[in-house]
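# Structure assessment
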Amino acid sequence: MNKPYYKKINETDIHFFTKTLGENNVLLDRSLLVDYAHDETENLIFFPELVVFPSNTKDVSNLLKYCNEHLIPITARGAGTS
């Protein structure tokens with residue numbers, strides 16, 4: 001069985017996310033991404049390419065559909081405590 005190929009975020013993807021959620025709900029600046037690169041369980045840091053903040057179930061559904069169609073991996077995040 002072949003492993004799925006996941007792609008890096010590109011400008012088209014960023015445009016979709018900002019159009020769908022608004023610029024204030026898409027983080028791209030590395031200095032802002034550091035807070036989302038880890039939780040409090042271990043001293044491990046993995047920077048995301050971007051962070052999005054959907055505000056309702058419609059946004060979540062649209063994001064998941066888009067990411068699935070474009071082979072963009074998603075990591076959900078809760079409070080970041082563990």
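All values reported here derive from a predicted model rather than from experimental measurement.

Counting 11 residues, the largest nonpolar core consists of Ile-9, Ile-14, Phe-16, Phe-17, Leu-21, Val-26, Leu-50, Leu-63, Tyr-66, Cys-67 and Ile-72. With 4 residues, helix H1 (residues 11-21) is the largest single contributor of residues to this core.

A few words now on the environment of Leu-71. Following the sequence through the fold, Leu-71 ends up in the segment after helix H3 (57-69). With 63 residues separating them in the primary sequence, Leu-71 and Lys-8 have C-alpha atoms 9.0 Å apart.

Moving on, we come to unusual backbone geometry. Even without being glycine, Leu-71 reaches a positive phi, approximately 55°. Assessed through its relative accessible area of 36%, Leu-71 is described here as partly exposed.

The rules behind each value
Residues numbered from 1 in each chain as written. Predicted model: local features only at pLDDT ≥ 70, side-chain atom pairs only at ≥ 80, totals over all residues. Heavy atoms only, no water. Core = buried A, V, L, I, M, F, W, Y, C linked by side-chain atoms within 4.5 Å. Buried < 20%, exposed > 50% of the residue type's maximum accessible area, 1.4 Å probe, protein only. Helix = DSSP H or I, 4+ residues; strand = E, 2+ residues; numbered from the N terminus.

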